[in-house]
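The chain contents come next:
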Amino acid sequence: MHGFWRCALYLAVLGVAAHPLGQALPRKWFCAEKAPWRSAPWEKGGRIYLKLGIRKWKDHLPDMSRLMPDMVRKDLGSDPAVLVQETCVAECVHWALTLLSAGIFFLWRSGWAALLWLVYNVLGNVSFIVIQRYNRPRLQKLAEKTRRKPV
């Protein structure tokens, strides 16, 4: 099989496998107040991502929760605490996809082509990681307000 098609197949398998694996991850593994999910001081509560123009492009990327009925809907009608945890899970899945995409180098050994595939895949996943890290502190504040609100 030609290197290009091997890489395309590899990335397709990773992409298809990511959903059920992400859904199977125990949610107790994810706490937004602990590393690596906790917002770093340099992120300034997600405001650093405004410099990347995130408000202009974040809603133009695909949202799997709109396609997969078994996923938590990413809307403010959902429990904010659940959404916070789901941002951690989504970030984890995209980091895993980023790291596993490095396998392209083993499938396709011509340097520039493999590097191009890797850059494409990393940029594609990093944009979703940035969205999670931007949204999480805002959702945490909303979850805190919701917890304090008298019933």
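Above this text sits the structure in question.
What this report covers is the structure whose coordinates are included nearby. (Residues numbered from 1 in each chain as written. Predicted model: local features only at pLDDT ≥ 70, side-chain atom pairs only at ≥ 80, totals over all residues. Heavy atoms only, no water.)

**Thoughts on the overall build of the chain**
Piece 1. Scanning the chain from N- to C-terminus turns up 5 helices and 0 strands.
Piece 2. Going from the N terminus to the C terminus, the chain shows its helices and strands as α-α-α-α-α.
Piece 3. Burial statistics for the chain: of 151 residues in total, 36% are counted as buried.
Piece 4. For the chain, the accessible surface area stands at approximately 10000 Å², while carbon and sulfur atoms represent 68% of it. (Helix = DSSP H or I, 4+ residues; strand = E, 2+ residues; numbered from the N terminus. Buried < 20%, exposed > 50% of the residue type's maximum accessible area, 1.4 Å probe, protein only. Areas by Shrake-Rupley, 256 points an atom, 1.4 Å probe, with all protein chains shown as cover.)

**Focus on the side chain of N125**
Piece 1. Note that N125 resides in helix α5 (residues 111–148).
Piece 2. A polar side-chain atom of N125 sits 2.8 Å from a polar atom in the side chain of H94.
Piece 3. Once residues lying within four places of it in the same chain are set aside, the contact partners of N125 are H94, L97 and T98. (Polar contact = N/O pair within 3.5 Å; in protein donor to acceptor, adjacent residues only side chain to side chain. Contact = heavy atoms within 4.5 Å.)

**Quick notes on the nonpolar core**
Burial of nonpolar side chains together is a common tendency in soluble globular proteins.
Piece 1. Counting residues in hydrophobic clusters, the biggest one holds 16 residues, and the most contacted among them are L25, F30, C88, V89, V93 and L97.
Piece 2. Among the elements that make up this core, the one with the highest residue count is helix α3 (residues 80–100) (6 residues).
Piece 3. Discounting residues that sit within four places of it in the chain, L25 has contacts with F30, V89, C92 and V93.
Piece 4. Y49, I54, V130 and Y134 belong to the second largest nonpolar core, which has 5 residues in total. (Core = buried A, V, L, I, M, F, W, Y, C linked by side-chain atoms within 4.5 Å.)

**Points about the pattern of salt bridges**
Any two side chains of opposite charge can pair, given that their charged atoms come close.
Piece 1. In this structure the tally under the stated criterion is 6 salt bridges.
Piece 2. Across the pair D59 and K58 runs a salt bridge whose closest N-O atoms are separated by 3.4 Å.
Piece 3. Salt bridges linked by common partners bring E43, E91, R133 and R136 together as one network. (Salt bridge = Lys/Arg side-chain N within 4 Å of Asp/Glu carboxyl O.)

**Topic: unusual backbone geometry**
Piece 1. Following A35, the chain continues to P36 via a peptide bond in cis, the omega torsion being 5°.
Piece 2. Position of P36 among the secondary structure elements: in the loop between α1 (3–24) and α2 (54–57).
Piece 3. Despite not being glycine, K44 shows a phi value in the positive range, around 50°.
Piece 4. Within the secondary structure, K44 sits in the loop between α1 and α2.

**Re the side chain of K58**
Piece 1. With respect to the secondary-structure elements, K58 resides in the loop between α2 and α3.
Piece 2. Judged by its relative accessible area of 18%, K58 is buried.
Piece 3. A polar contact is formed between the side chain of K58 and the side chain of D59, at a distance of 3.4 Å.
Piece 4. For K58, the residues in contact, after removing those within four places along its chain, are I131, Y134 and N135.

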